[in-house]
Each structure stands twice: as structure tokens, then as C-alpha cells.
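Coordinate analysis (summary)
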Amino acid sequence: MGMKSVVLHQWHSWIYQYWVSPLQVCIPSLVSHTAYPQRDIMLRSALWGASIGRMAITDFRVHIRRLQGEDWSVVYLGADFSFEEIQHILFPNKPQIQSLGRVFLWRIPALVRQFAQQGLLTICELDKLITWQPKMTYSFVTPAWLQQVLDVARPVDAIEADMSQNMRRNLRKARKNEFSYIFTQNPADIRMFYYQMYLPYQKERYGARAVLSSYEEICRTFAQGGLILVKRGEQPICGMMCHAVGDTCKSGPMGVHVDHFDQVGQGCNVALWWFMGDWARQQNLRYFDFGSSRPYTADGVFHFKRQWGTRVKAQPDALSKWVFGAERLPESLRQHLNTQGLIAEIDNQHYQVILLGPNDSSTTIEYDSKLQHALNCGLSGLWIAHPARNMRLRG
């Protein structure tokens, strides 16, 4: 590494340590103080500051990568914050990746038009601070992360009635296995949780796609609340951090003990989420925030949470978004994207994206069943893209 690279790396580290990280630490606190008079101004300022700092770390440039799969090719422009996840969504098998260099942010619109003229889909991973969106046949924006929230102030019977049949069956199985739980604020428990539950489970579950928090970040979250620890007898099986923010119980990182991954099949994860809701009710909280999910309905984490009857909400402290743009799409790619159930954010509401071909019409799409599926996922409806016109269908 040359002297220039060393200096640049140190500069980037300084920006993150003394600029971006302090802002990211204070943003959740600002989100929670809904009654604070200057809260909105301070929150917007912190989000803007963190976004500018993150862009400064990347020298206000993005990577350009062409991803070639078996049946289609796409172009990614971004800082690689979610590159592994985007690959996973767009391709059923690992694509070949060709680096096309780096460019400054202001060159993105011209490049997207250029790739669109070649018949390619582009995905730009941008900070939410950037409001640009291409005007193309297929163009929509998804949040990089979103929230799924459940109203737990209702009677237990009403909560169970809104669950999917599959989730009610899994809950019955978990109850038969006699899991129990404790709420703990013991520092020794958080160390055990981090190294024996959180790290091994996240790496096993997500592999290269895992977004891992440091031990220091976990401890900061732990200090705001505590840890729900699920046991079978005296043996800790799994756990999840939580804390109260206003009238909401917010879930944090979770994990399963490295020696008890088999207990997932026995319902320990279902018991964990149910116990979290029980703890929230005991604290007289109204909502249970199931935490961050990726923005597509085919995602296993999203599907698990939506089976509880959750509703989708914007994540106020999210810093990134994905901007999709194309003039035309290969039929195989269009069908694949439709099976993924991408979620567009429009006017602070969330819609499942349906991409139609030039020969499709309203008579060739089962709107009723797709709309009902979107509503069951806690969304506001469908956003339908057609070469002739776009439209929204609401429940």
C-alpha cells in the first residue's frame, strides 16, 4: 500500500470514527424522543450528516459492477453496503462479476441512461439524501431496510387470530416443548449471547450476506434495555436484545446457541418472538417492532415476521436505498423479479412491485390474489409497472 493510500485510509477511518459513528449512535435516541420539541430538526440533521460522512468515506464515488448470470445481466452502481444481498435477490445462482471501475456520484444519471439503452437493468445503491430517480419504463425505489411492527395491546386471542395458520401451528409446537424465558441485564449474559449465540448463528444463517454488529455496538444496545433469554430447563437456547422506546418494544440482534441449532426445528425461535411480545405487554407497551427486514416478500426473514400479522413501516434511521431503472427487461428477468416481491416505498407507504411486459394487460394478471397477498404481507397494496402506464392498487 503506497503512502497516498495509507493517508487516505487513515482519513477515511478518522471520518468514520469522529463523524459518522457518533451520528449513527445518536440517531436511534433521536428517533425514540418523539415528544422532544426540536427532535425532527435534529434527526434530519443527524441523518444528513451521517449520509454526507458516508459519501465522504467513499470519496463521493461508487463502484460499477456488471453481474452476468445464466440468463440475464444487470449493472450495479454503489458503495457495496448491500452488494451481497442484491446479488442474492437478482440471481438464483452466483453470477460472474466484472468490475467497471469507479465514478463520481454526479455521473450516475448519464451512466444509467447509457446502460438502459443497452437493454440492461441498473440497481443504484444510494444514500437516502440523494433524491434522484430515473424516468424510465421500469423505475422504482426500495428501502435497503424496513420495519415490521405488531400491535400487541390487543387481547392475545386477537393477536393469534391474525397470525397465519402455519405460525399458529408452530406456536403450538413451541408450547409443547416447554420453553421458558427470563429478561436479564447481567453483563455476563450479553457476552455469552454475543460469542455463543449471535455471531455463530448469524454466520451460519446468512454466510457472506450477514451484517454483523461489533461487540461494542451490541453492548450499547444492551445498555438501553436487556436480553430476552429463552431456556429449556436451565439450558440457554436462544436470545434477543430488546428495549422500550416510547410505546414500542424494539427488538435487537438475536441468535441461537451454537450447541443448539437443532432447537430451531423444535420452535425455539417462535418461542423467542412470542416471549418478546409477552414481555412488551407486561411493560404496558402497545407495539412490538420485529426489527429490520430486507425489502422483498420472498425473503425468509420477512416471511417469518409477516406470518405474525405485522405491518410494514419505514425505518426512520435507514441511510440507504436501492434505485431500479430499465427501459426494457428480458422476460426471464422480469418474471424472476416478480417472484421476489420487491417492495417499493412511495409517499412513505409500501407496495409490492409487479412488472408487466409490453403485451400484458389487466386481464392477464390476477390482481385480486396478488393484492390480497400484498395486504397479508402488511403492505398498502400493489405498484404495477407497465410500458404504457404505472398504477397503484390499494386494499
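1. Digging into the nonpolar core
Ranked by size, the top nonpolar core spans 32 residues in total, and within it Phe179, Cys249 and Trp308 carry the most contacts. Breaking this core down by element, the ones donating at least two residues are helix 6 (165-176), strand 8 (226-232), strand 9 (235-245), strand 10 (248-256), helix 9 (268-282) and strand 11 (287-293). With 10 residues, the single largest contributor to this core is helix 9. Ignoring sequence-local partners within four residues, the contact set of Cys249 consists of Cys242, His243, Met276, Trp279, Ala280, Leu285, Tyr287, Phe288 and Asp289. Ranked by size, the runner-up nonpolar core spans 29 residues in total, among them Tyr76, Ala144, Leu329 and Ala344.

2. Let's talk about the packing of helix 7 (residues 187-206) against helix 8 (residues 215-224)
Taken N-terminus to C-terminus, the directions of helix 7 and helix 8 make an angle of 135 degrees; their axes are 11 Å apart at the nearest point. Relative to helix 8, helix 7 is oriented oblique. The way helix 7 lies across helix 8 gives a crossing that is right-handed. On the side of helix 7, the interface is formed by Pro187, Ile190, Arg191, Tyr194, Tyr195 and Tyr198, while helix 8 contributes Tyr215, Ile218 and Phe222. Here the residues of the contact of helix 7 with helix 8 are counted per class, giving 8 nonpolar, no polar and 1 charged.

3. Remarks on the confidence of the model for the protein chain
On average, residues of the protein chain score 90 in pLDDT, and 96% of them reach the 70 mark or higher. Mean pLDDT across the elements of the protein chain bottoms out in helix 1 (residues 3-32) (75) and peaks in strand 2 (residues 73-78) (98).

4. Looking at helix 12 (residues 367-376)
For helix 12, the set of buried residues is Tyr367, Leu371 and Ala374. In a view along the axis of helix 12, the buried residues occupy a sector of 60 degrees, so they form one face of it. Contacts made by the buried residues of helix 12 are with strand 15 (349-355), strand 16 (381-385) and strand 17 (390-394). Once helix 12 finishes, Gly378 follows within two positions and takes phi at roughly 85 degrees, a positive value.

5. Overview of the sheet that holds strand 15
The strand order across the open sheet built from 4 strands is 14-15-16-17, with neighbouring strands paired in mixed fashion. With one partner strand each, in any of the chains shown, strand 14 (343-346) and strand 17 form the two edges of the open sheet. Within this sheet the neighbouring strands show an average axis-to-axis angle of 35 degrees, counted without direction. Note that strand 15 and strand 16 share 5 bridges and pair parallel. Bridged to Tyr351 within strand 16 is Gly381.

6. What to know about the packing of helix 6 against helix 9
Where helix 6 meets helix 9, the axes come as close as 8 Å, and the angle between the chain directions of the two elements is 95 degrees. Compared by their axis directions, helix 6 and helix 9 come out roughly perpendicular. Residues Met167, Asn170, Leu171, Ala174 and Arg175 of helix 6 touch helix 9, and the partners they reach there are Val270, Ala271 and Trp274.

7. Overview of a positive patch on the surface
A contiguous patch of positive charge on the surface is contributed by Arg169, Arg172, Lys173 and Lys176. Under the relative-accessibility criterion, Arg172 is labelled partly exposed at 46%.

8. Quick notes on the pattern of salt bridges
Taken as a whole and assessed by the stated rule, the structure comprises 12 salt bridges. The salt bridge partner of Asp278 is Arg281, with a shortest N-O separation of 3.8 Å. Here Asp278 and its partner Arg281 are both found in helix 9, 3 residues apart, which amounts to about one turn of the helix. Each of Glu331, Arg334 and Asp360 takes part in salt bridges that share partners, so that together they form one network.

9. Observations concerning the packing of aromatic side chains
Given two aromatic rings, their pairing is described by the distance between the two centres and the angle made by the two planes. Applying the stated criterion to the full structure yields 21 aromatic pairs. Summarising the aromatic geometry, the rings of Trp11 and Trp14 are spaced 5.6 Å apart at their centres and angled 5 degrees between planes, so their arrangement reads as stacked. A residue pair is termed a helical-turn pair when its members lie 3 or 4 positions apart in one helix, as Trp11 and Trp14 do in helix 1 at 3 residues. According to the relative accessible area criterion, Trp11 is partly exposed, its value standing at 46%. On the basis of relative accessibility, which here comes to 44%, the residue Trp14 falls in the partly exposed class. For the ring pair Phe183 and Trp279, a centre distance of 4.9 Å and an interplane angle of 20 degrees mean the geometry is stacked. Of this pair, Phe183 sits in strand 7 (residues 180-184) while Trp279 sits in helix 9, and the two are 96 residues apart along the sequence. Pairwise contacts between aromatic rings join Trp273, Trp274, Phe288, Phe290, Phe304 and Trp308 into one cluster.

Cut-offs used in this document
- Residues numbered from 1 in each chain as written.
- Predicted model: local features only at pLDDT ≥ 70, side-chain atom pairs only at ≥ 80, totals over all residues.
- Heavy atoms only, no water.
- Core = buried A, V, L, I, M, F, W, Y, C linked by side-chain atoms within 4.5 Å.
- Buried < 20%, exposed > 50% of the residue type's maximum accessible area, 1.4 Å probe, protein only.
- Helix = DSSP H or I, 4+ residues; strand = E, 2+ residues; numbered from the N terminus.
- Contact = heavy atoms within 4.5 Å.
- Axes fitted to C-alpha atoms, helices over the stretch in contact; angles between N-to-C directions.
- Parallel < 35°, antiparallel > 145°, perpendicular 65-115°, else oblique.
- Left-handed = near helix turned anticlockwise from the far one by under 90°.
- Nonpolar A, V, L, I, M, F, W, Y, C, P; charged D, E, K, R; others polar.
- pLDDT = per-residue confidence, 0-100.
- Arc of directions from axis to C-beta.
- Pairing = 2+ DSSP bridges.
- Patch = residues over 30% accessible without salt bridge, like charges linked within 9 Å, V, L, I, M, F, W, Y side chains within 5 Å.
- Areas by Shrake-Rupley, 256 points an atom, 1.4 Å probe, with all protein chains shown as cover.
- Salt bridge = Lys/Arg side-chain N within 4 Å of Asp/Glu carboxyl O.
- Lys, Arg positive; Asp, Glu negative; His and termini not counted.
- Charge placed at Lys NZ, Arg CZ, Asp CG, Glu CD.
- Phe/Tyr/Trp six-rings, centres within 6.5 Å; stacked < 30°, edge-to-face > 60°.

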